[in-house]
Amino acid sequence: MKSTSVILTIIMAFITFQLSSATSQSLRITIQNLKASEKGAIRIAIFCDEKGFKDEKEHRLVVCEKSEIIDGKLKLEIPIKKGIYGISVLDDENNSGKMEYKLIGIPKEGFGFSNYTLKLMKKPKFKDFNFQLCEKETKEILVSMKYF
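Basis of the calculations
- Residues numbered from 1 in each chain as written.
- Predicted model: local features only at pLDDT ≥ 70, side-chain atom pairs only at ≥ 80, totals over all residues.
- Heavy atoms only, no water.
- Helix = DSSP H or I, 4+ residues; strand = E, 2+ residues; numbered from the N terminus.
- Buried < 20%, exposed > 50% of the residue type's maximum accessible area, 1.4 Å probe, protein only.
- Contact = heavy atoms within 4.5 Å.
- Areas by Shrake-Rupley, 256 points an atom, 1.4 Å probe, with all protein chains shown as cover.

Caption draft 1: Quick look at the overall build of the chain. From N to C terminus, the chain includes three helices and eight strands. Walking the chain from its N terminus toward its C terminus, one meets helices and strands in the order α-β-β-α-β-β-β-β-α-β-β. Across the 148 residues of the chain, 36% fall into the buried class. Taking all contacts inside the chain whose residues are at least 6 apart in sequence as the whole, residues at least 24 apart take part in 71%. For the chain, the exposed area adds up to about 9,600 Å²; of that, 57% sits on carbon and sulfur atoms.

Caption draft 2: Quick peek at the environment of D71. Mapped onto the secondary structure, D71 falls in the loop between β3 (60-65) and β4 (74-79). Exposure remark for D71: the relative accessible area of 78% places this residue in the exposed category. In the structure, D71 is positioned 37 residues away from L34 in sequence and 8.4 Å away in space, judged by C-alpha atoms.

Caption draft 3: Broad picture of the environment of F148. When you line up the elements, F148 lands in the segment after β8 (138-144). Sequence spacing of F148 and G110 is 38 residues, and the spatial spacing of their C-alpha atoms is 7.5 Å. If we ignore the near neighbours within four places in the chain, the residues touching F148 are K102, I106, P107, F111, L118 and M121.

Caption draft 4: Fine view of the side chain of T30. Along the chain, T30 turns up in strand β1 (residues 26-32). Those residues in contact with T30 that lie beyond four places of it in its chain are K73, L74, K75, I141, L142 and V143.

Quick look at the structure:
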């Protein structure tokens with residue numbers, strides 16, 4: 001009976017170690033300059049390469065309620081494996097799941113990218129806003145929203 005207890009303790013310790021080491025990294029994201037609005041949701045898309053970004057096929061999607069916004073800011077922490085990532089944020093006011101545009105291609109909804117400020121009126125490339133997350137790292141990410 002005692003040996004069964006010891007074996008179970010070892011198995012539980014191993015499982016706990018495996019789970020904790022699998023996600024010992026995280027992204028601590030601050031989204032700022034959010035417009036005050038109760039409509040819709042904030043969509044945070046995490047991409048891991050240019051193809052995924054270009055095809056709008058995110059590696060991971062996190063949707064946050066607007067009730068979580070305090071003083072124009074939303075803060076969250078996401079556990080994730082080490083790797084190269086880029087984040088885009090959409091203030092999806094109509095909950096369509098995609099960016100809406102005005103007649104001449106100007107975005108109707110707010111958007112932002114990880115550690116990147118829009119310089120021109122064109123969509124950035126993945127390399128413009130990507131970053132590396134190393135093992136056992138908590139990476140601080142700032143996204144400044146842009147509205148037209």
